[in-house]
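# Working through the structure, step by step
The lines below spell out each chain.
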Amino acid sequence: FFSGLTAMEKKLAEYKCNTNEAIQLKLVRFPEDLEDENTTFNPEYSHQVFGDDEVAFGYKGLKILLYYIAGNLSTFFRVEYTSKVNEKFDCVEADDVESKIREIIPPGFCTNTDDFVSLLEKEVNFKPFGMLLHTYSIHNEEAGEDITYQIYKADMTCPGFREYHERLQTFLMWFIETASFIDVDDERWNYFLVFEKYNKDGATLFATVGYMTVYNYYVYPDKTRPRVSQMLILPPFQGEGHGAQLLETVHRYYMSSPTVLDITAEDPSENYVKLRDFVLVKLCQDLLCFSPVKLMQGFSQEMVTEAQQKLKINKQHTRRVYEILRLRATNMGDAEQSRSYRLDVKRRLIGPYKKKQRELAKMRRCLRPEEMTNQLNQIDLNLQREQLEESFQQLVSDYRRVLERLAQA
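Quick notes on the rules
Residues numbered from 1 in each chain as written. Predicted model: local features only at pLDDT ≥ 70, side-chain atom pairs only at ≥ 80, totals over all residues. Heavy atoms only, no water. UniProt positions renumbered as here; feature names shortened; annotations may be inferred. Helix = DSSP H or I, 4+ residues; strand = E, 2+ residues; numbered from the N terminus. Contact = heavy atoms within 4.5 Å. Polar contact = N/O pair within 3.5 Å; in protein donor to acceptor, adjacent residues only side chain to side chain. Pairing = 2+ DSSP bridges.

- As recorded in an unreviewed UniProt entry, the protein goes by the name Histone acetyltransferase type B catalytic subunit, listed as coming from Ploceus nigricollis.
- As its UniProt record puts it under Sequence similarities (unreviewed entry), the protein is described as follows: "Belongs to the HAT1 family."
- According to its UniProt record, the protein has this under Catalytic activity (unreviewed entry): "L-lysyl-[protein] + acetyl-CoA = N(6)-acetyl-L-lysyl-[protein] + CoA + H(+)".

## Focus on the UniProt feature "site: Interaction with histone H4 N-terminus" (unreviewed entry) in the protein
- Annotation from UniProt places "site: Interaction with histone H4 N-terminus" (unreviewed entry) at Trp189.
- In this fold, tryptophan 189 is placed in strand 11 (residues 189–200).
- Among all residues touching tryptophan 189, those that are not within four sequence positions of it are Ile182, Asp183, Thr213, Val214, Tyr215 and Ser229.
- A polar atom in the side chain of tryptophan 189 sits 3.3 Å from the backbone oxygen of aspartate 183.

## Examining the sheet that holds strand 12 (residues 203–219)
- Across the sheet, which stays open at both edges, the six strands sit in the order 9-10-11-12-13-14 with mixed pairing between neighbours. Here the strands that pair on one side only, and so sit at the sheet edges, are strand 9 (131–140) and strand 14 (264–265).

## Focus: the UniProt feature "active site" (unreviewed entry) in the protein
- According to UniProt, the positions carrying the feature "active site" (unreviewed entry) are Glu266.
- Here glutamate 266 is to be found in the loop between strand 14 and helix 10 (270–284).
- Excluding residues that lie within four positions of it along the chain, glutamate 266 makes contacts with Arg227, Val228 and Ser229.

Structural data, given as structure tokens:
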């Protein structure tokens, strides 16, 4: 009986597929991209669609093809596999992969390649949505030339943008761990889009590179506080500096508005924080309040005010900018300077610990005899010192990376 079970289990195990590998994404510019494996990329996440295991059951050789036309993101969707479990025979049912994908991609997709290729021919008519904010170029080693990119600000009144955004946001599911779709009927959303200009048969076409959504919160009595919600640079374009261009452009857009208080972000990822550090330090480094002399005198209200008024940077982020710029101005080989820097940063880091300590002390006064409390506090302090030192070292290494990137910019 047992051996029979394991044989059955083994057989069923063969019908499990990792959905991050099964899903094949493409951004298609030319018909030959369809056959070219180099244009394929895979999701980083699929747990929101296929559950925490990121597994689809019931297929061998499963391929979930999701191809997008590079500009307007018209979609081709097809599920392929070499074999599928048979319900009568195995008494198990294969996952309904198709309907899971249909839940997140808008209707109106192609299911055969001929239709898709004929849509590709109309791509020459696709133009970016909204208002052009910024143009920049990046030298591409592979192509041996400079490639031009443009950043636009769009909203739901732009014809065709609503449908385009529905297709674009499907990428969030695959590349942002906690992604969710937004309520596009709320007019307080702003959309910022990055496009690449490319040539095809003598015409100039536009390919989607990435985007950012920003929500404008109302602040009493007459200001707004834009909050970055989602930001994604599509994988084929990652690591080329587009995120920094986008974030800086968005900052500059809001900087010109007298009603904007400052810019924040919702639940930022580690990568986003590193990107923001770089962009904000780049913007701030020339402000008078961040001159080396002033940096050495410590964090000041002047820094907070100037960064907020001129660059729409909030207090918390200004503090990080100050620490990074002060690190640059500090000779860490000099015992006195480095000690002063370390104390300054650790004083900020210890804030949350002190708060926790106060709460613990309160609890313990109710729960334990006096001598126990003291001993525990002692243990806590040693642990706290270690944790503090660790946090400090981690920060300094992050800050150094920002400064290296700045030196190359």
